Amino acid sequence: MGRILAVDDELDMLTLLKMIIESYTEHRVEVTNNPLEAVEMVGQGGYDLVLTDLKMPGMDGIEVLERVKKMDEDALVMVITAYGSLESAEEAMAKGAFDFITKPFRKEQILLGIDKAMRWREMVRQNREMKRRLEGASE
Amino acid sequence: MRKAVRLEAPTGLLERYRQYKRLLGANSAILTILADLQTKKSEGFLFDMAYVRAAVQRLGEEVAILVQSLISLSDGRFVDLETARQEIAARLERELAPPEITPGPLALPLEEVGSGQFFGGKAEKLGELTRRGFAVPPGFGASAYAQKLFFETSGLETFIREAISRTDIRDLESLRLAGQAIRDRLLATPLPPELSRTLGEHTARLGADRVAVRSSGLQEDGLVSFAGQFESVLNVPPHQVEERYKEVLASQFTPRALYYCHTSGFSYQELAMGVLVMTMVESRFAGVMYTADPRTGEEAVIVNAVFGLGTAAVGGDATPDVFRVEDGLLVLRRPGDKTRLHLCAAEGGVVERQAAEGEAIPSPDDAAVLELAALGQAVAAHFGVPQDIAWAISPQGRLLLLQARPLHVVRKEKGDYRPPRVKGAAILVENGVIASRGAAAGPVFVHLGQALESIPPGAVLVIQRAAPEYGLVAGRVAAVVSEGGSATTHLATVLREAEVPALFGVKDAARLLPAGEMVTVDAYYGNIYRGRQEELLKPPPGDAIVRQSRAYQALERVLRHITPLNLLDPRGKNFHPHYCRTYHDITRFAHEKAMTELFQVSQATRDGEGARQLKSELPLEILVVDLGGGLVPEAAYQAVITPADLASRPMLAYWRGMSAVGWKGPRPLDLAGFMSVVMGAASDTNPMDRLQEHNYAIIAGDYLNFSSRLGYHFTTVDAYFGAPEESYITLTFYGGGADLTRRIRRVQFMARVLAHLEFRVELKGDSLTVRLDRCDLNILEERLEILGRLIMACKQLDVTMDRDSLVDLYYQEFLSSGYNLNL
């Protein structure tokens, strides 16, 4: 069970994301419509994945991504783009986003994306654990 | 004397042609947006209000272009269509506007609170339960209108607006400070006397020592980002209700809410809330229960309970006891850690008490748990979906409901609904284009021009072209299979609207699907199977989550003004701007009329302006007006052109047909034929004028309007070769040199040939109108070439038609000779 933070200035989208993800997976979703608050929340730690919209007033999703990555290089961020803004999605990928999804999307697209991200996270965790054990053994 | 020849097409005509093209562009954009909206609605997509608003706006812009183009094309004749458009646009705008809080009661006893009165979801649900006889503590609701009145009459409204506009959305601290300033101001502002009096009266009527004051937001369930943040104040002495009411109102001005108001441009009133005041239950036990297992959806009631007030569990101060009830039996009892208790304080409010070492904290007994579970199931049965319920047990042992809302259950299936693929059944058709998703079974009915009324109910209708007229039977047929057409046709839109499964682009469907045979149309995968395939026919489970969303409901509302098609039959009495109720109606009307308008405009252009002479082997005087792209570039300055200069795709096709048959000179006449011509000519007012009339071809790269008089009859061919959905060929043919009977025999012959070639044919006396549309461009091109052959072959043919049997003879001859008449 993972902890996901969803960031979107559209309240409907936040509602849907929370309800869909919590209904179809065992992950818990916290939401905020304010990207600044999102960065603050990530700063407090504990999220396995951040889902962020790209186009938001005040601070766009690229900046959220950059700030999150600055705090935690390994943080997983999936960006949600509006239809027809593929360039920003490409920019996000270049800046370290794990994946992107274009609005409107089918629920299975977001669920698959989350599944992929969570599996990746688990692999990285196991990898680290193994490395730690190996290092411990060699000392 | 002939007028001087200018090489530019007349500006009027050129402009109309441009308007026509503009209209076609808008038509195609509209149908694409329509298909997209319907897909997003029916196929489980997640979208937000921004998507719905943007799509409706784009659609509105295209419809405006479409209507303006038709009005320009018709010299203002269809100005009524603009009125219809404005009415629909206004209706759409109203559907998308946030609900405006209208004046109503400031407060009502809980049992009188119903939906649609702006009391908020929590109060409305409890009001409903109270009326149904469920045990709910007595209480009353204060409406969102009460808040509006408070803010507007006290100057708070202006203060809040200004505070919001001064915030810096890039600075969280500024949002927090603005929120604090608003809350401070709100708490310091007295309620309007009317509201203060109303709250006082309702509180007094409750007669309770203590009450609970809780938020009941209009959007609380929908706007999860704010839910749970609103204040609830427990154990309030009656004289403090007014102050606590204001505290609950103040709790809505969080940084998130202010950011939302600032950035969305919405008024904070969209977040306005009702407030619920209920008799305080100083509960012995309290907690929540789910009437289904939220992690699996299994049938079970799960009860969480704490000793004292339920806030201990909500705030995470205590781990509640957990009980699981299945089929009326307690199957699980897991005691919690309840060392911290929440209790009512004597002076009001809630106190937390740490349990003493070794103190036994009671739990509800089995009988109480089973009774609770039965109560929960009764509530769930009443609302029809699993519920998430807050409950309390009074010191006297009475069970009470404090809140009920739909429970979100984890679904096992992650994927979008698709039935299993059918195995082992005979596949009659594969890879059809899915025009409307779903599956249905029925006996095949192949429509070959019979009256639409003859199509039996429940049939799988097989058609050659996806003509909009078939929309008339959408309510009657099980499924539709069309040999032509795509998902963006009018018909596809209508079928999706009516939820009739449909496969289009199924080549040879009429041959592959035996009439009368039971088949199953699988418009999930694009196949058609022999017999009924029950697995496919099960109804798909709906996605309740998406359907609950505000954006989905808004889309559903706006689509009612967009997709239904009422103007199905161009010959129907209601085919008039006055009857256009939806954007789809407008689109259908404009598209149909535009073709007629362009045709008429082309017909009216007969003064030779901008015309060039087409010299060929055919002894015909043909003047050509090019609207753009109809001639090769080298011919731009030539007043006289040859067939080699033609670049118009429809003109080239027609010309190939005409020149293939060639000019045969006058037909041999029998005596009766000779007399027939003499009589016909005698009734003609000015035969010499007619013979000197020119043949006109108005062309563009994709357009042809060719009017000719070959002999005595009159022919106009109008063809447009653009996108397949917009392309067509029409022919109008009438008159002749012979008597009426022979002329009628000639058009009968032509009608048979053209019907064989899948044209829609209308015959009236000696006048023939035909049309072919919605098919592949290569097919249109081939048919237009054959039409050219037919027109040439029919030249003066009427005079020879002295008996009925010739109709069939010529028909057979024309087809067997490779489209010629070797007479």
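Residues numbered from 1 in each chain as written. Chains lettered and ligands numbered in written order. Predicted model: local features only at pLDDT ≥ 70, side-chain atom pairs only at ≥ 80, totals over all residues.

Okay, the overall build of chain B next. In terms of helices and strands, chain B carries 24 helices and 31 strands. The buried share among the 823 residues of chain B stands at 47%. When contacts within chain B are restricted to residue pairs at least 6 apart in sequence, those whose partners lie at least 24 apart make up 67%. (Helix = DSSP H or I, 4+ residues; strand = E, 2+ residues; numbered from the N terminus. Buried ≥ 20, exposed ≤ 12 C-beta atoms within 10 Å, placed from the backbone. Contact = placed C-beta atoms within 7 Å.)

This next bit is on helix H6 (residues 156–166) of chain B. Residue and element names in this part refer to chain B. Inspection of H6 places Ile 160, Ala 163 and Ile 164 among the buried residues, and these make up the whole buried set. Projected onto a plane normal to the axis of H6, the buried residues spread over an arc of 100 degrees and lie on a single side. Exposed residues on H6 whose side chains face more than 90 degrees from its buried face are Thr 158, Glu 162, Ser 165 and Arg 166. (Arc of directions from axis to C-beta.)

Another point: the sheet that holds strand E16 (residues 433–436) of chain B. All names here are of chain B. Overall, mixed pairing links the eight strands, which are arranged E15-E22-E21-E17-E18-E19-E20-E16 in an open sheet. Either end of the sheet is taken by a strand with one partner, and the two such strands are strand E15 (427–429) and E16. Recorded for the sheet is a direction-independent mean angle of 35 degrees between the axes of neighbouring strands. (Pairing = 2+ DSSP bridges. Axes fitted to C-alpha atoms, helices over the stretch in contact; angles between N-to-C directions.)

We now examine the interface of chain A and chain B. Facing the 33 residues of chain A at the interface are 35 residues of chain B. Put simply, the parts of the chain that give the side of chain A that touches chain B at least two residues each are helix H1 (11–24), strand E2 (28–32), helix H2 (35–43), strand E6 (105–106) and helix H5 (107–138) of chain A. Among the residues forming the side of chain A that touches chain B, the class breakdown is 15 nonpolar, six polar and twelve charged. The pairing of E6(A) with strand E1 (residues 45–46) of chain B spans two bridges and is antiparallel. Among the inter-strand pairings, A:Phe105 is bridged to a residue of E1(B), identified as B:Leu46. (Nonpolar A, V, L, I, M, F, W, Y, C, P; charged D, E, K, R; others polar.)

Our focus in this paragraph is the domain arrangement of chain B. Residue and element names in this part refer to chain B. Each assigned domain of chain B is listed with its residue range as follows: domain 1 (11–98 + 552–582), domain 2 (138–279), domain 3 (285–393), domain 4 (427–532) and domain 5 (611–816). At the junction of the two partners, domain 1 supplies six residues and domain 5 supplies seven residues. Of the residues contributing to the side of domain 1 that touches domain 5, the split by class is four nonpolar, two polar and no charged. (Domains from an automatic or database assignment.)

Time to look at helix H5 (residues 144–154) of chain B. Among the residues making up H5(B), those that are buried are B:Ala144, B:Tyr145, B:Ala146, B:Gln147, B:Phe150 and B:Phe151. Count one or two residues on from H5(B) and you reach B:Gly155, which has phi positive near 85 degrees.

Overall, the prediction assigns chain A a mean pLDDT of 89, with 98% of residues at 70 or greater. Ranking the elements of chain A by mean pLDDT puts H1(A) last with 85 and strand E3 (residues 49–53) of chain A first with 96. (pLDDT = per-residue confidence, 0-100.)

Residue and element names in this part refer to chain A. Burial analysis of E3 places five of its five residues in the buried class, the great majority of the element. Pairing of strand E1 (residues 3–7) with E3 involves four bridges; the strand directions are parallel. If you follow Ile 4 over to E3, its bridge partner there is Leu 49. Pairing of E3 with strand E4 (residues 77–81) involves four bridges; the strand directions are parallel.

Okay, the packing of helix H19 (residues 649–661) of chain B against helix H23 (residues 777–793) of chain B next. Residue and element names in this part refer to chain B. As a packed pair, H19 and H23 sit with axes 7 Å apart at the nearest point and diverge in direction by 40 degrees. Here H19 is positioned oblique relative to H23, judged by the angle of their axes. In this structure, H19 meets H23 at a crossing whose hand is right-handed. Contact residues: Arg 649, Pro 650, Ala 653, Tyr 654, Trp 655, Arg 656, Gly 657, Met 658, Ala 660 and Val 661 in H19; Glu 781, Leu 784, Glu 785, Ile 786, Leu 787, Gly 788, Arg 789, Ile 791, Met 792 and Ala 793 in H23. (Parallel < 35°, antiparallel > 145°, perpendicular 65-115°, else oblique. Left-handed = near helix turned anticlockwise from the far one by under 90°.)

Residues and elements named next belong to chain B. Spatially, the six strands line up as an open sheet ordered E10-E9-E8-E7-E13-E14, and their pairing is antiparallel. In this open sheet, the two strands that pair with only one neighbour each are strand E10 (329–334) and strand E14 (399–406). Averaged over all pairs of adjacent strands, the angle between strand axes in this sheet comes to 20 degrees, irrespective of strand direction. Note that strand E8 (residues 301–307) and strand E9 (residues 321–326) share five bridges and pair antiparallel. Within E9, the position partnered with Val 301 by the bridge is Val 325. Across the sheet, helix H12 (residues 366–383) touches strand E7 (285–290), E8, E9, E10, strand E13 (387–393) and E14, and the angle it forms with E13 is around 140 degrees.

Below, the discussion takes up the nonpolar core. In terms of nonpolar packing, the biggest core is built from 278 residues, with B:Val460 and B:Val481 touching the most fellow members. When sequence neighbours within four positions are dropped, the list of residues in contact with B:Val460 reads B:Gly442, B:Pro443, B:Val444, B:Phe445, B:Ala478, B:Ala479, B:Val481, B:Val519 and B:Val521. (Core = buried A, V, L, I, M, F, W, Y, C linked by C-beta atoms within 7 Å.)

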